[in-house]
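Structure assessment
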Amino acid sequence: MMNYTNLTNGALPQPLKCFQHCRKNVDLICFNIPYICPLCNQYTTNTESRIPPYILPSPFTSSEKCTRSVVLKPTQGDFINNYVQTCNLHIGVSDKNGHIYDFDEMGLKYGPPWAECLTVQFDVITPSLWDSCLSKAVSNAEMWKSVRYNEDKWNCFDFVLYFMKHLATYGEGLEEFAQMSRDEFSTLFLTKKTKKAEQYVHLYRQVMSTGFVSVLNQDNPSYS
């Protein structure tokens, strides 16, 4: 498999740039602005672009920049290199510093920030409530021992839902979290984000393979 990673500062992949040079409603997506426009063969340095280059928003971020979040990434590898619709995803919870609590076959772990992940933040939840409920959720060491882990019945998603139930118990107006299933949580908070991730990864890999991609503007999805 081709390795697509093009990292900057050892963290997130090099961003995609988008601009419109000579054709209305045709965007050019690339990493570096070409000297010659691939559509009209004119020098981009000597001719004006219809829309100047800008960074195409990525759906991925570091948990360090999006603290107190539910975070998601591929179980193996990263999104740019490894994500496909059928791959397993790993989910966890970030604290006030962006460090991650997650549960897997090794048991409950606390580790450094995830550099490239999808994040879900809940504006209705106060920082103090998040911190106190996270502390309560991880305090039951017996519940999160490695021997209790089961890939299908007691896994990383169950840890996140357990934490969400604590928010419902101790917070106000958060009753919807109390009995939320995996499917309900995924539909409400994850499906839209993973769809954007899939679109972005597909576009990223195309640019890595061909140098640029031309996209009809009305079909160019928003990744913000």
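These figures come from a predicted structure and were not determined experimentally.

**Observations concerning the overall build of the protein chain**
Across its full length, the protein chain carries 4 helices and 9 strands. Listed N to C, the secondary structure of the protein chain is β-β-β-β-α-β-β-β-β-α-α-α-β in terms of helices and strands. Counting only C-alpha atoms and orienting by the principal axes, one finds that the protein chain spans roughly 65 × 40 × 30 Å. Expressed as a percentage of the 224 residues in the protein chain, the buried residues total 43%. Taking as baseline every contact in the protein chain between residues at least 6 positions apart, the subset at least 24 positions apart corresponds to 65%. For the protein chain, the accessible surface area stands at approximately 12,300 Å², while carbon and sulfur atoms represent 49% of it.

**Considerations on the pattern of salt bridges**
This model, assessed by the stated rule, comprises 5 salt bridges. Between Glu142 and Lys145 there is a salt bridge; the shortest N-O distance is 3.2 Å. By relative accessible area, which is 40% here, Lys145 ends up partly exposed. Asp158 serves as the salt-bridge partner of Arg182, at 2.6 Å between the closest nitrogen and oxygen. You can see Arg182 sitting in helix α4 (residues 182-210) and its partner Asp158 sitting in helix α3 (residues 156-170), a full 24 residues away along the chain. Arg182 sits in the partly exposed class, given a relative accessible area of 26%. One network of salt bridges, in which partners are shared, links Asp102, Asp104 and Lys109.

**Points about the packing of aromatic side chains**
Enumeration over the complete set of coordinates arrives at 18 aromatic pairs. Ring plane angle 40 degrees and centroid distance 4.5 Å describe the contact between Tyr101 and Tyr110, whose orientation is recorded as tilted. Among the aromatic residues, ring-to-ring pairing joins Phe122, Trp130, Phe157, Phe163, Phe177, Phe185 and Phe189 into one connected group. Across the ring face of Trp114, the terminal group of Lys73 is positioned such that the distance to the ring centre comes to 4.8 Å. Residue placement shows Lys136 over the ring face of Tyr170; its charged tip is 4.7 Å from the ring centre.

**Focus: α3**
In a regular helix each residue adds 1.5 Å, so 15 residues correspond to 21 Å; α3 covers 22 Å between its end C-alpha atoms and thus fits that length. Of all 15 residues that make up α3, 12 are buried, and the element is covered over most of its length. Every buried residue of α3 is accounted for by Cys156, Phe157, Asp158, Phe159, Val160, Leu161, Tyr162, Phe163, Met164, His166, Leu167 and Ala168. Looking at the buried residues of α3, the elements they touch are β4 (70-74), β5 (89-94), β6 (100-104), β7 (107-111), α2 (127-139) and α4. Sitting at the head of α3, Asn155 places a side-chain oxygen 3.0 Å from the backbone nitrogen of Phe157.

**Concerning the sheet that holds β4**
On the basis of which strands lie adjacent, the open sheet formed by 5 strands has the order β7-β6-β5-β4-β8 and antiparallel pairing. Where the open sheet ends on each side, the last strands, each with one partner, are β7 and β8 (118-120). Ignoring strand direction, the axes of neighbouring strands in this sheet form an average angle of 30 degrees. Here β5 pairs with β6 via 2 bridges, running antiparallel. If you follow Val93 over to β6, its bridge partner there is Tyr101. Its contacts with the sheet place α2 against β4, β5, β6 and β7, and it is angled at close to 120 degrees to β5. Contacts from α3 reach β4, β5, β6 and β7, with the element oriented near 30 degrees to β5.

**Looking at the nonpolar core**
Counting residues in each nonpolar core, the largest one holds 51 residues, and the members touching the most others are Phe122 and Phe185. When residues of this core are assigned to their parent elements, the largest contribution, 10 residues, is made by α3. In contact with Phe185, other than residues within four places in its own chain, are Val70, Ile91, Phe122, Phe157, Val160, Leu161, Met164, Met180 and Leu190.

**What about the sheet that holds strand β3 (residues 51-55)?**
Spatial strand order, β3-β1-β2-β9: 4 strands in an open sheet with antiparallel pairing. Lying at the two open borders of the sheet, with one neighbouring strand each, are β3 and β9 (212-216). Within the sheet, the average angular offset between the axes of one strand and its neighbour, ignoring direction, is 20 degrees. Sheet topology note: the strand β1 (residues 17-20)/strand β2 (residues 26-30) ladder contains 3 bridges and is antiparallel. Within β2, the position partnered with Cys18 by the bridge is Ile29. Together, β2 and β9 form the strand contacts of α4, whose direction differs from that of β9 by roughly 135 degrees.

Definitions and cut-offs
- Residues numbered from 1 in each chain as written.
- Predicted model: local features only at pLDDT ≥ 70, side-chain atom pairs only at ≥ 80, totals over all residues.
- Heavy atoms only, no water.
- Helix = DSSP H or I, 4+ residues; strand = E, 2+ residues; numbered from the N terminus.
- Buried < 20%, exposed > 50% of the residue type's maximum accessible area, 1.4 Å probe, protein only.
- Contact = heavy atoms within 4.5 Å.
- Areas by Shrake-Rupley, 256 points an atom, 1.4 Å probe, with all protein chains shown as cover.
- Salt bridge = Lys/Arg side-chain N within 4 Å of Asp/Glu carboxyl O.
- Phe/Tyr/Trp six-rings, centres within 6.5 Å; stacked < 30°, edge-to-face > 60°.
- Lys NZ or Arg CZ within 6 Å of the ring centre and 35° of its normal.
- Expected span 1.5 Å × (residues − 1).
- Polar contact = N/O pair within 3.5 Å; in protein donor to acceptor, adjacent residues only side chain to side chain.
- Pairing = 2+ DSSP bridges.
- Axes fitted to C-alpha atoms, helices over the stretch in contact; angles between N-to-C directions.
- Core = buried A, V, L, I, M, F, W, Y, C linked by side-chain atoms within 4.5 Å.

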